[in-house]
Every structure is written in structure tokens, then in C-alpha cells.
Amino acid sequence: MAKNKQSIDFDELPILPVRDTVLFPNAILPLTVGRDSSLRLINDLKENEKFIGVVAQRDPRVDNPQPVDLYHIGTVAFVHKVIKLPSQSLFIFVEGLQRIAVDEVIQTEPFLRAKAKPLTDVVPTEKQSEFEALVRSVTSLFQQVVQLSPTLSDDLQTVVMNIDDPSRLADFIAANLPSLSSTEKQELLESLELKVRLERLNRQLVREVEVLQLRSKIQSDVQDQVTQSQREYYLREQMKAIQKELGEADEQQEIEELRKKIDAAGMTEEAKKEAHRELGRLAKMSPAAADYHVTRTYLEWLVALPWTKVSDFKVDIHKAKTILDEDHWDLEKVKDRILDYLAVLQLKPQLKGPILCFVGPPGVGKTSLGKSIARALDRKFVRMSLGGIHDEAEIRGHRRTYIGALPGQIIQGIRRAETRDPIFMLDEVDKIGRDFRGDPSSALLEVLDPEQNSHFRDNYLDVQFDLSKVLFICTANVFDTIPPPLLDRMEVLELQGYSEEEKIQIAVRHLIPKQIDEHGLKVPDQIEFQRDALAHIIRHYTREAGVRNLEREIATVCRKQARKIAEGSTEKLLTTPDNLRDFLGIPRFRPETEIIERTRQPGVVVGLAWTPTGGDILFIEANVMKGGKGFTMTGHVGQVMQESMQAALAWVRSHAVDYDIDPEFFQSKDIHIHVPSGAIPKDGPSAGVTMVAALVSALARRPSRERVAMTGEITLSGQVLPVGGIKEKVLAAKRAGVKEIVLPADNEPNVHEDLNPEMLEGLQLHYVKTIQEVIDLVLEKEPVSVETGKPVRDVALTPAAAGSPN
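Residues numbered from 1 in each chain as written. Predicted model: local features only at pLDDT ≥ 70, side-chain atom pairs only at ≥ 80, totals over all residues. Heavy atoms only, no water.

1. Some thoughts on the overall build of the protein chain
Then, number 1: If you tally the helices and strands in the protein chain, you get 29 helices and 24 strands.
Then, number 2: Principal-axis analysis of the C-alpha atoms gives the protein chain an extent of 160 × 65 × 60 Å.
Then, number 3: The buried share of the protein chain, reckoned over its 806 residues, is 48%.
Then, number 4: Considering only contacts in the protein chain between residues 6 or more positions apart, those separated by 24 or more positions represent 72%.
Then, number 5: Element-wise, carbon and sulfur atoms account for 49% of the exposed surface of the protein chain, whose accessible area totals about 40,100 Å². (Helix = DSSP H or I, 4+ residues; strand = E, 2+ residues; numbered from the N terminus. Buried < 20%, exposed > 50% of the residue type's maximum accessible area, 1.4 Å probe, protein only. Contact = heavy atoms within 4.5 Å. Areas by Shrake-Rupley, 256 points an atom, 1.4 Å probe, with all protein chains shown as cover.)

2. Remarks on the environment of Met285
Then, number 1: Within the secondary structure layout, Met285 lies in the loop between α9 (269–284) and α10 (292–304).
Then, number 2: Since its relative accessible area comes to 17%, Met285 is described here as buried.
Then, number 3: Measuring from C-alpha to C-alpha, the distance between Met285 and Thr295 comes to 9.8 Å, with 10 residues separating the pair along the chain.
Then, number 4: Met285 has contacts with Asp291, Tyr292 and Thr295, leaving out every residue within four places of it along the chain.

3. Some points on the packing of helix α18 (residues 500–518) against helix α20 (residues 548–566)
Then, number 1: Interhelical geometry of α18 versus α20 gives an angle of 45 degrees and a closest axis separation of 10 Å. Considering their axes alone, α18 and α20 lie oblique with respect to each other. Between α18 and α20 lies a crossing of right-handed hand. Within the contact between the two elements, α18 uses Lys503, Ala507, Leu511, Ile512, Lys514, Gln515 and Ile516 and α20 uses Leu550, Glu551, Ile554, Ala555 and Cys558.
Then, number 2: A breakdown of the residues in the contact of α18 with α20 according to their chemical character gives eight nonpolar, one polar and three charged. (Axes fitted to C-alpha atoms, helices over the stretch in contact; angles between N-to-C directions. Parallel < 35°, antiparallel > 145°, perpendicular 65-115°, else oblique. Left-handed = near helix turned anticlockwise from the far one by under 90°. Nonpolar A, V, L, I, M, F, W, Y, C, P; charged D, E, K, R; others polar.)

4. Digging into the nonpolar core
Then, number 1: Formed by 58 residues in total, the largest nonpolar core has its most connected members in Ile52, Ile92 and Leu205.
Then, number 2: Looking at this core, the element that brings in the most residues is helix α2 (residues 128–148), giving eight residues.
Then, number 3: Contacts of Leu205, omitting those with residues within four sequence positions, involve Val138, Leu141, Phe142, Val145, Ile173 and Leu177.
Then, number 4: If you look at the next biggest cluster of nonpolar residues, it comprises 52 residues, including Met267, Leu299, Tyr460 and Ala476. (Core = buried A, V, L, I, M, F, W, Y, C linked by side-chain atoms within 4.5 Å.)

5. Some points on the sheet that holds strand β12 (residues 471–476)
Then, number 1: With parallel pairing, five strands are arranged side by side in an open sheet as β8-β9-β12-β7-β13. Both outer strands of the open sheet, β8 (381–385) and β13 (491–494), are each paired with one neighbouring strand and no more. Here the strands of the sheet are splayed against their neighbours by 20 degrees on average, with no regard to which way each runs.
Then, number 2: Across four bridges, the pairing between strand β7 (residues 355–359) and β13 is parallel. Bridge pairing links Phe358 to Leu493 in β13. (Pairing = 2+ DSSP bridges.)

6. Things to note about the state of the cysteines
Then, number 1: In this structure the tally under the stated criterion is zero disulfides.
Then, number 2: With no disulfide partner, Cys357 has as its closest neighbouring cysteine sulfur the one in Cys474, 5.4 Å distant.
Then, number 3: A relative accessible area of 0% places Cys357 in the buried class.
Then, number 4: In this structure Cys474 comes out as buried when scored by relative accessible area, which is 0%. (Disulfide = S-S within 2.5 Å.)

7. Looking at the packing of aromatic side chains
Then, number 1: One pass over the full model with this rule turns up seven aromatic pairs.
Then, number 2: On the basis of an interplanar angle of 90 degrees and a centroid distance of 5.3 Å, the ring pair of Phe91 and Phe93 is categorised as edge-to-face.
Then, number 3: For Phe93, a relative accessible area of 28% gives the class partly exposed.
Then, number 4: A ring pair is formed by Phe665 and Phe666, whose centres lie 6.4 Å apart and whose planes are at 70 degrees; its orientation type is edge-to-face. Each member of the pair, Phe665 as well as Phe666, carries the same accessibility label: buried.
Then, number 5: Its end group placed over the ring of Tyr298, Arg400 keeps NZ or CZ at 3.7 Å from the ring centre. (Phe/Tyr/Trp six-rings, centres within 6.5 Å; stacked < 30°, edge-to-face > 60°. Lys NZ or Arg CZ within 6 Å of the ring centre and 35° of its normal.)

8. Details of the pattern of salt bridges
Then, number 1: This structure, assessed with the given rule, holds 37 salt bridges.
Then, number 2: Its salt-bridge partner being Arg281, residue Glu278 comes within 2.9 Å of it at the nearest N-O pair. Taken together, the residues span about one helical turn, with Glu278 and Arg281 both in helix α9 at a distance of three residues.
Then, number 3: Classification of Glu278 by relative accessible area gives buried; the value is 2%.
Then, number 4: Across the salt bridge formed by Arg563 and Glu567, the nearest N and O atoms sit 3.1 Å from each other.
Then, number 5: On the accessibility criterion, Arg563 (56% relative accessible area) is exposed.
Then, number 6: Salt bridges sharing partners connect three or more residues here, namely Glu274, Arg277, Glu278, Arg281 and Arg400. (Salt bridge = Lys/Arg side-chain N within 4 Å of Asp/Glu carboxyl O.)

9. Here we look at the packing of helix α23 (residues 639–654) against helix α25 (residues 688–700)
Then, number 1: For the pair α23 and α25, the least separation of the axes is 9 Å and the interaxial angle reads 45 degrees. Considering their axes alone, α23 and α25 lie oblique with respect to each other. Considering the relative orientation of α23 and α25, their crossing is right-handed. Together, Met641, Met645, Ala648, Leu649, Trp651 and Val652 of α23 and Gly688, Met691, Val692, Leu695, Val696 and Leu699 of α25 make up the contact between the two elements.

Worth remembering: the numbers are spatial, not functional.
The structure is reproduced here in C-alpha cells:
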């Protein structure tokens, strides 16, 4: 046989250095040969002398190993087969024959050649039973390794059972045990004493069996936890289970980080106690548990809230006043209230935040005023729109038992602000919904009560949080839809509509610069607005209490000029009342001419109404026709307004003689009162005097005087009672071109308080206490002819003359 050990020349044995590989006797091993010296060695082997010494390197990183880089003990091997690879490397199969010791290196170039000495195993001669037990233990342990390992073939169990030679058994097991490192294999190769070799191998096998059993246990534990929906996390869970067994889990670090955050958050005692309780539960939970992420999210919310952090604010009343004046024109009441709050805050820093409610028509600056207040106070600004909210949980949060539960918008806003004293605006508080899901306005009762909100308890957090430092500002268009208990908790500041002069000032200071900047125009090189042009836009293209539509019209003019410039025009645009039609089209409102034209006929008079968008004029028409005791009321009028019409008719019937009206007119005539714009709902008692004037005008054929409007509630005894919304109504009358206004005498203080001389310029106000005064001021003194429509002098009005108008 070619590999007979007698033919091996140990005096000049070629040495093949190998990296990270140890060849044991009786083992066949494939090797890849790529180094030049190793290739020369294989190529120089003769056909009948294919014996080489395979020796492991001490450091596998050495590319050109010298004798000192090799271990002293190796294995003599027979080269069975050599395969050339496309990469010029060789793939060889070698079979280990016997241990050798390299005594002396006799050649280093072109490859190593050494004088070697064959080594024999030292077999113990004493205590054969102990040695036999050791052999059996090694065999049994290796069989267990084969059973537990997923990489070893089950055939190895049969092979190891058929090996009788203990030396060969030890070498076979060492060669096939994948967990052994190269250093450990080299130690086994150098162990000539068979008992020592088997003892070392036994220790390695015991360790391997423990590791494989632990691996099997980990797999079993993970498999029990993995459900069908969690299979995608299988590898992750396996890694976590390994870390848990080794005591290296990251969860413990995260628990400690959360504990530090809780201690540093400055929570109240109640919140801190609850947080530590939940943290204890979290530490005992498996990350795969259903409640794990719920509890963790809860703790993250607790530590993220600003329990003690407040704005670094120094009270500066003069600076605040400057900022408020820069951002908003007029609104003196609101500005004074904010400055009063700052003054008290300067004297008492522990002052609780007030609960303000801005009520006014759209476009008067309620929301922007809140932002200005935040800037003036140098605080964070948080806005929450309440319009259309139906669910009470939007305010107070959901309980943690619900999937996807979160705190309410109040707590979320505080977290976004990152301080416990922001300016918190609750927009559109009058538009909160109410249905089977709850009543959000009731949930706001605790939030907006200065005596209670220091102990606000969100359903999700379930611990008290102090909201007393928050400055809450609510906005609304009307009072009617705000529940009385909620309204009672707020300090209401009314923002009435703007006069024409105020709108011009706002346009010049804020709207025009803003729109010019947004449209990329330059002032005064490319566009300029004349004051008369602004007044024309206000009178003929807008009819509003605020300035939103005015801003839209200004934006329209800016867009037209921007288009001209984009098309190459360099001409500057100077807007005047004459050229506005080219940009905005025909005027939408003709207030002066409309009143004159419609009030020429008897039975048509002008009233004043308050609306959520400000004030407006209201035409009321009365008509008389043949019939008997018929009284028709149309125009989408509400119950209160219908009752005012009934009261007006009753007063006119009882005082018909005073105005030359047949006392029996109701027996033979039908009366119809109509309030135009029938699609718009109307209600309220303030049109009572207007109803009386319309009825007297129609029955007595006395037309209304030009440009006269009125408002006031009536009683059956003829008294005129005060009404609300005086500022809005007066400004609406002025916008419509009215020159004289009839008001209840008790409303005179409201005029002096809410209206300045500039707003009243061009208006004549009449204060009345009785209906008779209203009739004398509003209607012409003489009736007009049915046939000609001209005044009829010295003619008493008969029942026939009181017929239906043309």
C-alpha cells in the first residue's frame, strides 16, 4: 500500500503549514493550497512519495510562516488526491497517519523540509477499570452531542461505537467536534498520554452537552411563546431568550433608564408612586406580554410631561403693550385686561391663570389675538379646535383598558408645549357637539374652573395634573350655544365689529403689507392703495363685521397686478375708486341707493339686527289687503319674532285713532308682514319698534323717511325696552348708508361706552322711550295718495283709503 509508514522518510519530510486547522491521525481532511511555497511543495511530490507533515500555524495571519511560527507537534499525512482550481490554487485530500514532532528544519526554500520524529501514544497500564470508564464516558457524551446537535450526522454514533482503539476513538471525536477551537484541538494533538487526552476531551464534551441542552431549552421556551401571529419575530425572540439566560438583556437597562427619568421628572407624590408601581409591573413582564407596550407607553407619557417646568418669563408691561399694539388695532378692552393680569402677576407671581372667552363675529381677530398674547407674555402657544368635537374622551382621554388609548387633547397640548404654563386656546367653544358618546362641554367644566383645574385628572393618566398656571383663552361667535355652567366659569370679553375707519387702519397696517409680501410685490414701486379705494372696497364689495373679506379683495387686486408684472408690464398700479371695477367686478352692495329705493313705498321700514357675523340692516315690509282678521307672518321668523309681530299689531289696533286709522280696519282687512331674505332664519324681540312702524306706515299710507333705521323691543303699553348688540347694529347702519338711528333711551350708556366719536361721525342718534316717539321720528308727516303716490294734504284717511297699495 502506498501509505505504508515504513516508506516515510522522516529525515527529510516536507512540511505543509496550515491555518486554523488541526489534522488528527486517521482523519481525512480537504485542504486548499494557495501560497507559493505550499504549491511548490505539492507539485514537487513524487508519485511514490506523497507523504507530508501537516503542522498548524500559531498565528493564522502570518502569510509566510517561518519555523518559529509553527507548532512543534503535527501529523504526518498521505496526499490522496490533488485537484487544480481555476484560481491557480490546489484542492487536496490528505489522510492523517501518525503524530510527529519537528526536531530540526533542514530547508526553508522553496518550502519547508524538516527532520521529524514519529510519536507514539502513552497507554496507561494501571487502573484499567478507571480508564475503561473514561473511554465509555467519552463515547456516551459524544453520542449525546450527536443527538442534540443539528449539524452532526447521526451516522457518527454508529461509527464511534465500532471504534475499539481508545487512541483512535479520541482522535476521531476531536476531529468531528465542531465546537473545539484550533488551540483546543492542538492541545489534544499534543497530548501523548492517552488518559490525559481523554480527560481533556471529556471536559470539552461535558461543556458541549450543557450548551446544547441549554440551547434546546431556550428553543423550547421560545417556541412555547411564539404564536401564529408572532412567527415573524421568531429570531428576535430567540435572541432575547439567549440574552435572558446569559443575564445580558437590554430590558433591564431600559427599566433603569425609566427609573432615572421618573426620579428626575419632578412628579407629584401621587404620580411618582403610581409610576414606580407600574415600573415594577413592567420589570416583571415579558416583552411579549400583551400589556408590556401599554404599560411602557403609559410610563413614557408620565415622564414626558412638564410637571415642574415653567416659562422663564420676566413681567414687562411696557413690552407687552407694545407687542399687542403692533399686532392689533383697537381692541382696547382686551388689551387692558391682559395688561391688568400682567400687573397683578408682577405683584404676585403665584397668581392662577385667568379663563378668558373672546366672543365676537368672524374675522375680528380672536384667534390671532391669542397668538399675540402668547408673544407678549413670552410663553408657548397651544391651540385646540373644539368645532365638531362629540367625544368627551377628546378632552379627558381614554382609559388604558381601551386599545390605542391616549391622553386627552389638554394633556397632549401641555406635552407639546413642554411647559406647564402655556397660552392654551380653545377655539370655537360655541360649536361643541353633544351626542350619545358624551358631552365635551361638561368635561371642560373642570378644565376651565380655576378652583378645580389644579387637580385635573385625565382618564388615561389617572393621576392629578396642575393646570392652574395655564392661561386658557376660549373663542366663540355667539353665547347662545355655550352651556350656562361653562359660560359662568369664563370671563367674557366681547369683540365687536370694526368701523370703516378701523378697517382702513387695519388694512394699511396689516392686511396690505401682508398680501403684498405674499404676492411678491414691491411698495411703492409696483402697487399702492389709496385710502378712498379702501373705503370703496369696504362699502361696496364687503359687508362684514371683521376683515376677512376685505383681505380677500385686497389679495384679488394684488393677484391681478402680479399677473401683469409676470406678463412683462412695468406700470405701477394705483388703486382708486374708479378703477376698482376692473379688478373686482361690479359692486356687490349698493347700500345707500337700496335703502332709498325700497323705503319709498309705505309699509317698508328699516330695522337693525345682530348676527353672528356682526350687525346688519333688516327690511320689514307690511301690506294691507281686503279680507278680514287675517294676519300672515313670513320670512323664516322665529317664535319670539312672531310674538313681537302680534304685540305690534295689538298696539296699532289700540292706538289706530291716534294715526287717523279706522279702528275697525282689522274686521275688513288682512295684514301680511314679511321679512325679506326668507332663507335666513331670524328671531329675537329687537325688531318690535320696526314692526309697529311698518304697520302704521302701511295702514296710514305714511312712508318712512329716507335713511332712517331703528331697533328696540316693545311692550303692549307702548314702552321701548333696551336691546343688545348696539355697536354692531350702529356700525351696520353706517355701512349701509343710514344717516339717522332710533335707539331705546336705556341703550344710551352702551353707545357712549362702545362707540367713539369717529364711529358716530355722520350719524344722528335719537333716543326714545315710547312707541309714539318712534312713529313721529321715523315716518313722514303726510300720507301719500294711492293713485299718484304723492303726499295728500288735509285728507282724513278712510277705510277705503287704507286699501292695498299699488
